[in-house]
Amino acid sequence: MAYATVAEYTTWLRALSTTQPVNLQLDNADVTAGYQLFLDEATAYLESETKRVFTATTATRYFDKHAQDHGKPLLLITPELLTVTSVVNGDGNTLDSSVYWAHPRNSTRKFAIELTPAGGAAWSFTNGYVAVTGTWGVMATPDNHIKRLTMRVAWYIQQSRTFTGQVTTFGDGTRQHEASMPQDIARDINRLTLREVV
């Protein structure tokens, strides 16, 4: 699913057309389908370049003993955890939510789960891993910054194809920025890749 809708994109194009000519044929189903394609490709491009997904998904992820912070009660995870639904210790026992905290406690995105001192639990890796079920992603839904960036990339793709006949191919994430990628777009994508979330 694209990070911006066709309706948001056409509204953005209308605003853009006040400063430069934009051919808007919004009642044409083929054009609407084309806009959806550009937005889908822009979304795929952002995910490919940043190696991140800017919407939340519910999933179970598994962490082995290497995720434990030097024997401390802290289990280090990726900074893409938004909410914790359950934690199943490596011995197969589900931990009660009163015996752990997600860190940082006052931040939306979490990077660790810590066992509370009074909880009496300890990490076990008997089965090889701890299973954490929760909501994972950079953010629950794309914010305005991500939506605008998606539309800017879609506009770049659209203009490249309209004026040069160029067809952009999205690969497995090993692609580099196009040499002609506008610098402001490349800069914003680079910031997201470096784990800076606006």
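Now for a look at the structure at hand. (Residues numbered from 1 in each chain as written. Predicted model: local features only at pLDDT ≥ 70, side-chain atom pairs only at ≥ 80, totals over all residues. Heavy atoms only, no water.)

## Focus: the side chain of Asp 188
So, point 1. Mapped onto the fold, Asp 188 is located in helix H4 (residues 183-193).
So, point 2. Given a relative accessible area of 6%, Asp 188 falls into the buried group.
So, point 3. When neighbours within four sequence positions are excluded, Asp 188 is seen to be in contact with His 145, Leu 149 and Arg 152. (Helix = DSSP H or I, 4+ residues; strand = E, 2+ residues; numbered from the N terminus. Buried < 20%, exposed > 50% of the residue type's maximum accessible area, 1.4 Å probe, protein only. Contact = heavy atoms within 4.5 Å.)

## Remarks on the packing of aromatic side chains
So, point 1. Counted under the stated rule, the structure contains 5 aromatic pairs.
So, point 2. Ring centres of Tyr 3 and Phe 54 lie 5.9 Å apart, and the angle between their planes is 90°; on these two criteria the pair is classed as edge-to-face. One end of the pair, Tyr 3, is in the segment before helix H1 (6-16); the other, Phe 54, is in the loop between helix H2 (29-50) and strand S1 (57-63), with 51 residues separating them in the sequence. The pair formed by Tyr 3 and Phe 54 is uniform in burial state, with each residue classed as buried.
So, point 3. With a centroid separation of 6.1 Å and an interplanar angle of 15°, the aromatic rings of Tyr 9 and Trp 12 are classed as stacked. Taken together, the positions of Tyr 9 and Trp 12, both in helix H1 and 3 residues apart, correspond to about one turn of that helix.
So, point 4. When its relative accessible area of 0% is taken as the criterion, Tyr 9 is described as buried. (Phe/Tyr/Trp six-rings, centres within 6.5 Å; stacked < 30°, edge-to-face > 60°.)

## With respect to the side chain of Thr 133
So, point 1. Inspection of the secondary structure assignment puts Thr 133 in strand S6 (residues 130-136).
So, point 2. At 2.7 Å, the side chain of Thr 133 and the side chain of Thr 60 are in polar contact.
So, point 3. Residue contacts for Thr 133: discarding those within four places in its chain leaves Ala 59, Thr 60, Thr 83, Val 84, Thr 85 and Ser 86. (Polar contact = N/O pair within 3.5 Å; in protein donor to acceptor, adjacent residues only side chain to side chain.)

## Overview of the environment of Ala 42
So, point 1. If you trace the backbone, Ala 42 turns up in helix H2.
So, point 2. Here the alpha-carbon distance between Ala 42 and Leu 149, two residues 107 residues apart in the chain, equals 8.7 Å.
So, point 3. Setting aside chain neighbours within four positions, we find Ala 42 in contact with Thr 150, Val 153, Ala 154 and Ile 157.

## Let's talk about the packing of H1 against H2
So, point 1. Between H1 and H2, whose axes approach to 10 Å, the crossing angle comes to 100°. Put simply, H1 runs roughly perpendicular to H2. Contact residues: Val 6, Tyr 9, Thr 10 and Leu 13 in H1; Thr 32, Tyr 35, Gln 36 and Leu 39 in H2. (Axes fitted to C-alpha atoms, helices over the stretch in contact; angles between N-to-C directions. Parallel < 35°, antiparallel > 145°, perpendicular 65-115°, else oblique.)

## Some details on the pattern of salt bridges
So, point 1. The final tally for this structure, using the stated rule, is 7 salt bridges.
So, point 2. Residue Arg 52 is joined to Glu 80 by a salt bridge in which the shortest nitrogen-to-oxygen separation is 2.9 Å. Here Glu 80 lies in strand S2 (residues 74-88) and Arg 52 lies in the loop between H2 and S1, a separation of 28 residues in the sequence.
So, point 3. Glu 80 gets classed as buried once you look at its relative accessible area, which sits at 9%.
So, point 4. Residues Arg 152 and Asp 184 are paired through a salt bridge, measuring 2.9 Å at the closest nitrogen-oxygen approach. Remark: Asp 184 occurs in helix H4 and Arg 152 occurs in helix H3 (residues 144-164); sequence separation between them is 32 residues.
So, point 5. A single network of salt bridges, built from pairs that share partners, joins Arg 152, Asp 184, Arg 187, Asp 188 and Arg 191. (Salt bridge = Lys/Arg side-chain N within 4 Å of Asp/Glu carboxyl O.)

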